[in-house]
Structure formats: C-alpha cells, structure tokens
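One letter stands for each residue in the lines below.
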Amino acid sequence: LRDSCERLFADLATRDAIEAAERGIWPETMWRAVEESGLARPQLPESKAGAGGSWNDAHTVLFAAGRHALPLPIAETMIGAWLLARAGLDVPQGPLALAAVREGERPRATRSNGGWRLDGIAKGVWWGDLAPHCVAVAQGESAMVMLIARDQAALTPESNLGGEPRDT
C-alpha cells in the first residue's frame with residue numbers, strides 16, 4: 001500500500017497542481033484518482049463505500065498524502081465517512097467536509113416535517129466550501145451524526161493562516 005500511495009501521489013502532486021489548489025482551484029483530477037484507487041476511505045468496509053482495510057491502512061495513506069502535500073481533504077473524508085458508517089448512515093461519494101465543533105457550540109438538531117433540521121454555527125469547517133457534503137455532530141435527543149448537503153447550508157468561505165479552507 002505504501003509503495004502504491006507513493007507512486008500515485010508523486011504523479012499527482014505536481015507543482016502546477018499544488019499551485020492551482022493554493023489559488024483555490026479544486027484539484028478534481030487528483031481527487032478522482034485518489035477516490036477511484038480506494039484511498040479516500042481505506043478503513044471502511046466495502047458495504048459502506050470503502051476499500052475494506054483498517055485504520056493502519058488509513059495511516060499509511062495519510063502519511064504518504066502528507067509527505068507529498070496533497071491539497072485534498074483525505075483525512076476529513078476518512079473521519080467523516082467513518083462517523084457516518086458508525087451511525088448507520090449512507091456514505092456519499094466525493095470529498096467530505098468535517099465540522100469539528102466544541103462542546104457547548106454544537107449545533108442543535110430538531111425534528112421537522114418528518115426529518116431533521118439543524119440550527120447553529122460551525123466555525124473552522126475544513127473544506128466546507130469545496131466538498132459537496134459536510135459531516136457534523138449535533139445535539140438532538142442525544143448526540144447525533146449529521147450529513148449536510150453544501151447547498152442546504154449558508155456558508156461563509158474563510159481560510160486559516162496557511163491558506164487552507166476553514167469555512168463558517
């Protein structure tokens with residue numbers, strides 16, 4: 001796995017691709033190659049859109065991705081997909097944003113029209129503006145894992161000091 005990751009990521013992480021991502025251009029070709037190779041969710045069972053591996057496999061992928069400075073939400077997708085799978089929810093294809101919220105700032109989930117409504121603000125959402133879905137933990141009848149479609153939330157694009165997407 002390590003050798004496969006090293007070869008693929010070396011091919012993908014060209015100077016032009018990384019510089020384009022730093023200018024805010026989503027690296028679609030790079031993401032597609034990572035996802036099609038099963039490296040975006042190596043630790044999930046195949047029944048949950050994963051590659052059937054382990055968290056050790058995920059570590060191998062993340063280490064190689066970091067070494068090549070891939071401008072992709074691989075870790076966020078791995079964690080978000082794992083949360084969704086553990087909650088019994090379907091895991092969508094594509095990158096996932098992750099809303100890491102502090103206790104006391106957790107959005108509220110309430111029942112609404114046969115579904116759920118999520119209210120609140122999540123700051124510092126990793127890749128929120130670029131991923132089609134976001135995973136968050138909300139407070140409802142208990143702590144709940146929620147999958148939010150990007151077009152169903154108000155979003156303010158922001159970035160951290162390193163220029164990485166950290167949206168509100």
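Located above this text is the structure these notes cover.
Residues numbered from 1 in each chain as written. Predicted model: local features only at pLDDT ≥ 70, side-chain atom pairs only at ≥ 80, totals over all residues. Heavy atoms only, no water.

A. Quick peek at the packing of aromatic side chains. If you walk through the whole model with that rule in mind, you get three aromatic pairs. Measuring from ring centre to ring centre gives 6.2 Å for Trp-26 and Trp-31, while their planes differ by 45°; the resulting arrangement is tilted. Here Trp-26 matches Trp-31 in class, with each residue buried. Here the aromatic rings of Trp-55 and Trp-82 are separated by 6.1 Å at their centres, their planes lie at 70°, and the arrangement is edge-to-face. Residue Trp-55 is found in helix H4 (residues 55-67), and its partner Trp-82 is found in helix H5 (residues 74-86); the two are separated by 27 residues along the sequence. You can call Trp-55 partly exposed: its relative accessible area is 40%. Judged by its relative accessible area of 32%, Trp-82 falls in the partly exposed class. (Phe/Tyr/Trp six-rings, centres within 6.5 Å; stacked < 30°, edge-to-face > 60°. Buried < 20%, exposed > 50% of the residue type's maximum accessible area, 1.4 Å probe, protein only. Helix = DSSP H or I, 4+ residues; strand = E, 2+ residues; numbered from the N terminus.)

B. Looking closely at the pairing of strand S3 (residues 115-119). Two elements, strand S2 (residues 108-112) and S3, share five bridges in a ladder whose sense is antiparallel. Counterpart to Ser-112 in the pairing with S3 is Gly-115. With antiparallel pairing between neighbouring strands as the criterion, S2 and S3 make up a hairpin whose turn holds two residues, including Asn-113 at a positive phi of roughly 50°. (Pairing = 2+ DSSP bridges.)

C. How the structure looks around the pattern of salt bridges. Applying the stated criterion to the full structure yields five salt bridges. We note a salt bridge from Glu-35 to Arg-41, for which the minimum N-O separation is 3.0 Å. For Asp-119, the salt bridge goes to Arg-117, with nearest N and O atoms at 3.1 Å. For Asp-119, a relative accessible area of 33% puts it in the partly exposed group. (Salt bridge = Lys/Arg side-chain N within 4 Å of Asp/Glu carboxyl O.)

D. Structural context of the packing of H4 against H5. Running from N to C, H4 and H5 cross one another at 160°; their axes reach a closest spacing of 10 Å. By the angle between their directions, the pair H4 and H5 is classed as roughly antiparallel. Note that H4 runs across H5; the crossing there is left-handed. Mapping the contact onto sequence places Trp-55, Ala-58, Val-61, Leu-62 and Ala-65 in H4 and Ile-74, Ala-75, Met-78 and Trp-82 in H5. Grouping the amino acids of the contact of H4 with H5 by side-chain chemistry returns nine nonpolar, no polar and no charged. (Axes fitted to C-alpha atoms, helices over the stretch in contact; angles between N-to-C directions. Parallel < 35°, antiparallel > 145°, perpendicular 65-115°, else oblique. Left-handed = near helix turned anticlockwise from the far one by under 90°. Contact = heavy atoms within 4.5 Å. Nonpolar A, V, L, I, M, F, W, Y, C, P; charged D, E, K, R; others polar.)

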